[in-house]
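Summary of the model geometry
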Amino acid sequence: MLERSDLADNALQCLHDEDYDRPYNLQNLNAETLIFTRGREGRSLDGEWNFCVDLLDTGLRQKWFSMLPEAPEKRIEPWDYDPYEGETVPVPSCWQMLKEKWYFFEGSAWYTKSVSVDELSPGRRRFLRIGAAQYDCKIFINGTFIGNHYGGSTPFCVEVSDTLLPGQNWVMLCVNNTRTLDRVPMRNTDWFNYGGVYREVALYETGSTFIRDVFARLDDDSICVSVVADGPAEEARVRIPELNIDAVVALDGGRGHIAFKASPERWSPDTPKLYDIEVEAGGDRVHDKVGFRTIERRGTELFLNGKPLFLRGISVHEDDEAIGKCTSEEDLRRRFADARALGCNFLRLAHYPHHERAAEIADELGFLLWEEVPVYWAIDFANPDTRRDAENQLRELIRRDRNRASVIIWSVGNENPDTDARLEFMRGLVELAREEDPTRLLSAACLVNHAKLKIEDRLASHIDVIGLNEYYGWYEENFDELISIGQNSNPDRPVVISETGADGDHTDLGPKSGLFSIDYQREVYERQIETLRELSYIKGISPWILYDFRVERRQNVFQRGFNRKGLIAADKKTRKPAFDVLRAFYAEMKKKDAAE
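Residues numbered from 1 in each chain as written. Predicted model: local features only at pLDDT ≥ 70, side-chain atom pairs only at ≥ 80, totals over all residues. Heavy atoms only, no water.

**Here we look at the nonpolar core**
Within soluble globular proteins, side chains that are nonpolar generally end up buried alongside one another. Counting 73 residues, the largest nonpolar core has Ile314, Leu347, Val375 and Leu582 as its most contacted members. The greatest single-element share of this core, amounting to seven residues, is contributed by helix α9 (residues 577-595). Those residues in contact with Leu347 that lie beyond four places of it in its chain are Ile314, Val316, Arg335, Phe336, Ala339, Phe367, Leu368, Leu369 and Trp370. Counting 30 residues, the second largest nonpolar core, distinct from the first, contains Phe105, Ile130, Val158 and Val201. (Core = buried A, V, L, I, M, F, W, Y, C linked by side-chain atoms within 4.5 Å. Buried < 20%, exposed > 50% of the residue type's maximum accessible area, 1.4 Å probe, protein only. Helix = DSSP H or I, 4+ residues; strand = E, 2+ residues; numbered from the N terminus. Contact = heavy atoms within 4.5 Å.)

Set out below in structure tokens:
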């Protein structure tokens, strides 16, 4: 039996040891192992991978990753899975969208691909980069465990210079999407729990010294550039040709920083100007397109490049009726086109890091973004493992996107109960975010004391922008309470309505009036807008949500497995009447801003 073979050590280990996961849960692939890939040519590993779901984690127990390719007729032991033969699935993909029987599957699944490489030249290095895998991804190459990564929406990298050998290699990924109490998010969420390797996979090759990170930003009247190099290098060179910048940065321990007095054209939604920036160090070279702008808050006001700012926004989930959490260039550009038609200058990307291409396109087209990590609802705030997970996801998001001018807000949480443990946890995330990136605003969707009708969340005093999720007309009835909240709270910093809205079933199954009708949804938007006009402390809104999206918890006769608060249906084509109501309001606000 395989359970008694050398692969599995012994039957006790294989069948009865529930600690089998521990040797493979190092979480050693994290923010510190990311490499800067913009401007690099990678080799795509997308395409067909062998695949098998593994509900009972038999693969880890039996050590499937150690099995060698062998013709079935030559095997002397029965086996439960052959990593090298059988069913295949495309990468990227979400397994729920591939077969009905996998729709609600939560557990481990195995991906295997044959990868042939040439021998590395002396002084060269290789790295494997996975754009995202939901949620725990363990990597094995030629039977050897390399490491694992926690977090379903951020990229991770691992050096494979010594593990990918000349000729044919076998890369195996064990991906697990089980919701657990110590993960971020934990078990109870309000979006669908997709599984799989759902973003791009690629190999990159560098020299012995390579550029691990570049952070370029505008600080007052100076352009600041920070560089991190891995490997021997005493200096880096920074060029921004259009600004006539060409300078050498001294590196100490691989790190360096330089500031240039400069007057770049400011990036904004009206003028989304981007500059080519090139960085060289130790024979390695990368480049990026970066916009330079400032974002700040003064009292209850927001300012972009020193000018008052009102955020005309919409919230968005990364979800598609046909392909789930996967996305594409076409899908992303449709999202921004619909936001443009709505009159938005701002999107809240909820409730986790979206595809990195979203922020790149936002830079190009001129949209402002709120990006966040899934510290959502009832996280186990007292658990150090949970905090470790949240901190790493926040670091990975910031390091991935902090060169994107479009990103103006990092959000550290959504609707979390105000406990002492949560305050310490969230305050730590705020401090970490400021350390990683002092140039952007910080926010969270805070809680309201509905008995006192007051923003009474202690986290509010530690962030720059108070996010307020309110559903008057839907989950709460009395719109006058929204005005009272502002009067009772008297906030000393800007408030953004980070969620508001109502479900509307546009299909033939939807009601003609009352709750869940598209007419009722329209009425809620009309009343919301009427009420928000009276609230001077509100500096932006991002209603919930642009498109209907899939979620397990929504199962009444009108929802049928979807949250139907979208202004556009799940087909991403059918606009509901509330779309035009919000569009008219945003047109009015844009005209008002232009007059001022």
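**Some remarks on the pattern of salt bridges**
Enumeration over the complete set of coordinates arrives at 68 salt bridges. Note that Glu526 and Arg522 form a salt bridge whose closest N and O atoms lie 3.2 Å from each other. Taken together, the positions of Glu526 and Arg522, both in helix α8 (residues 518-532) and four residues apart, correspond to about one turn of that helix. Look at Arg522 and you get partly exposed, because its relative accessible area is 23%. It is possible to trace a salt-bridge network through shared partners that takes in Glu32, Asp213, Arg395, Arg399, Arg402 and Glu436. (Salt bridge = Lys/Arg side-chain N within 4 Å of Asp/Glu carboxyl O.)

**Details of the layout of surface pockets**
What the largest pocket holds in volume is close to 1,100 Å³. In this structure, the largest pocket is lined by 36 residues; those nearest its centre are Pro308, Leu309, Phe310, Arg312 and Asp593. Mapped onto the lining of the largest pocket, the elements with two or more residues apiece are β21 (301-304), β22 (307-308), α3 (329-342), β32 (538-541) and α9. At 10 residues, α9 tops the list of elements feeding residues into the lining of the largest pocket. Taken together, the residues of the lining of the largest pocket break down into 17 nonpolar, six polar and 13 charged. Volume-wise, the second largest pocket comes out at about 560 Å³. Lining the second largest pocket are 22 residues, and of these Thr37, Arg38, Glu356, Arg357 and Glu360 lie nearest its centre. When residues of the lining of the second largest pocket are traced back to their parent elements, those giving at least two are β5 (124-130), β12 (201-207), β19 (284-290) and α4 (356-365). For the lining of the second largest pocket, the leading source of residues is α4, giving five residues. Class assignment of the residues belonging to the lining of the second largest pocket gives a composition of five nonpolar, five polar and 12 charged. (1 Å grid on protein atoms, 1.4 Å probe; cavity = no way out; pocket = protein on both sides within 12 Å on 5 of 7 lines; lining within 4 Å. Points joined across faces, edges and corners; volume = space filled by probe spheres on them. Nonpolar A, V, L, I, M, F, W, Y, C, P; charged D, E, K, R; others polar.)

**Topic: empty space enclosed by the protein**
All chains considered together, the criterion is met by five cavities of 30 Å³ or more. Of the volumes computed, that of the largest cavity is approximately 200 Å³. Forming the walls of the largest cavity are 21 residues, and the residues nearest its centre are Gln134, Tyr135, Pro185, Trp191 and Asn193. Residues that form the lining of the largest cavity fall into these classes: 10 nonpolar, eight polar and three charged. Its volume calculated, the second largest cavity comes out at about 50 Å³. In terms of lining, the second largest cavity is formed by Val316, His317, Glu318, Asp319, Thr327, Asp331, Arg335, Tyr547 and Lys572.

**What to know about the sheet that holds β32**
A barrel is described by the order of its strands in space; here eight strands give the closed sequence β23-β24-β25-β26-β27-β30-β31-β32, paired in parallel fashion. If you compare each strand with its neighbour and ignore which way they point, the axes differ by 30° on average. Summarising the sheet, strand β27 (residues 441-446) and strand β30 (residues 465-469) pair through four bridges and their orientation is parallel. Within the sheet, the bridge partner assigned to Ala444 lies in β30 and is Ile466. Across the sheet, α4 is in contact with β24 (346-349), β25 (368-372) and β26 (407-414); its angle to β25 comes to roughly 160°. (Pairing = 2+ DSSP bridges. Axes fitted to C-alpha atoms, helices over the stretch in contact; angles between N-to-C directions.)

**Considerations on the packing of aromatic side chains**
For the structure shown, the criterion picks out 33 aromatic pairs. With a centroid separation of 5.6 Å and 55° between ring planes, the pair formed by Trp191 and Tyr352 is classed as tilted. With Trp191 in the loop between β10 (167-176) and β11 (196-197) and Tyr352 in the loop between β24 and α4, this residue pair connects regions lying 161 residues apart in the sequence. For the pair Trp191 and Tyr352, one class covers both residues: buried. (Phe/Tyr/Trp six-rings, centres within 6.5 Å; stacked < 30°, edge-to-face > 60°.)

**Let's talk about the environment of Leu397**
You can see Leu397 is positioned in helix α5 (residues 384-401). Classification of Leu397 as buried rests on a relative accessible area of 0%. Leu397 sits 26 residues away from Glu371 along the chain, and the two C-alpha atoms are 8.4 Å apart. Residues contacting Leu397, with those up to four places away along its chain left out, are Thr154, Pro353, Glu371, Glu372, Val373 and Trp410.

**Regarding α5**
Each full turn of the α-helix corresponds to 3.6 residues, which orients residues three or four apart in the same direction. Taking 1.5 Å of rise per residue, 18 residues should cover 26 Å, and α5 covers 26 Å from first to last C-alpha, within 8% of that figure. Listing the buried residues of α5 in full gives Thr386, Asp389, Ala390, Glu391, Asn392, Gln393, Leu394, Glu396, Leu397, Ile398, Arg400 and Asp401. Tucked into the core, α5 has its buried residues touching β8 (144-150), α4, β25, β26 and α6 (420-436). Of the residues flanking the start of α5, the one acting as N-cap is Asn383, its side-chain oxygen 2.8 Å from the backbone nitrogen of Asp385. (Expected span 1.5 Å × (residues − 1). Polar contact = N/O pair within 3.5 Å; in protein donor to acceptor, adjacent residues only side chain to side chain.)

**With respect to the side chain of Asp548**
Locating Asp548 in the fold gives a position in the loop between β32 and β33 (549-550). By relative accessible area, which is 2% here, Asp548 ends up buried. A distance of 2.8 Å separates a polar side-chain atom of Asp548 from the backbone nitrogen of Gly566. The residues contacting Asp548, other than those within four sequence positions of it, are Phe562, Asn563, Arg564, Lys565, Gly566, Ile568, Ala569, Ala570 and Lys576.

**Concerning unusual backbone geometry**
Following Gln134, the chain continues to Tyr135 via a peptide bond in cis, the omega torsion being 20°. As for its position among the elements, Tyr135 is in the loop between β6 (133-134) and β7 (136-141). A cis amide bond, omega 20°, links Trp544 with the succeeding residue Ile545. Tracing the chain through its elements places Ile545 in the loop between β32 and β33.

**Some thoughts on the pairing of β7**
Here β7 lies mainly inside the structure; six of its six residues are buried. Residue alternation in β7 divides its side chains into two sets, Asp136, Lys138 and Phe140 and Cys137, Ile139 and Ile141, and both sets are buried. Relative to β8, β7 runs antiparallel, the two sharing six bridges. Its bridge partner lying in β8, Ile139 is registered against Gly147. A loop of two residues connects β7 with β8, the two strands running antiparallel in sequence, and Asn142 in this loop sits at a positive phi of about 50°. Taken together, the six bridges between β7 and β10 define a ladder with antiparallel strand orientation. Bridging across to β10, Cys137 finds its partner in Val175.

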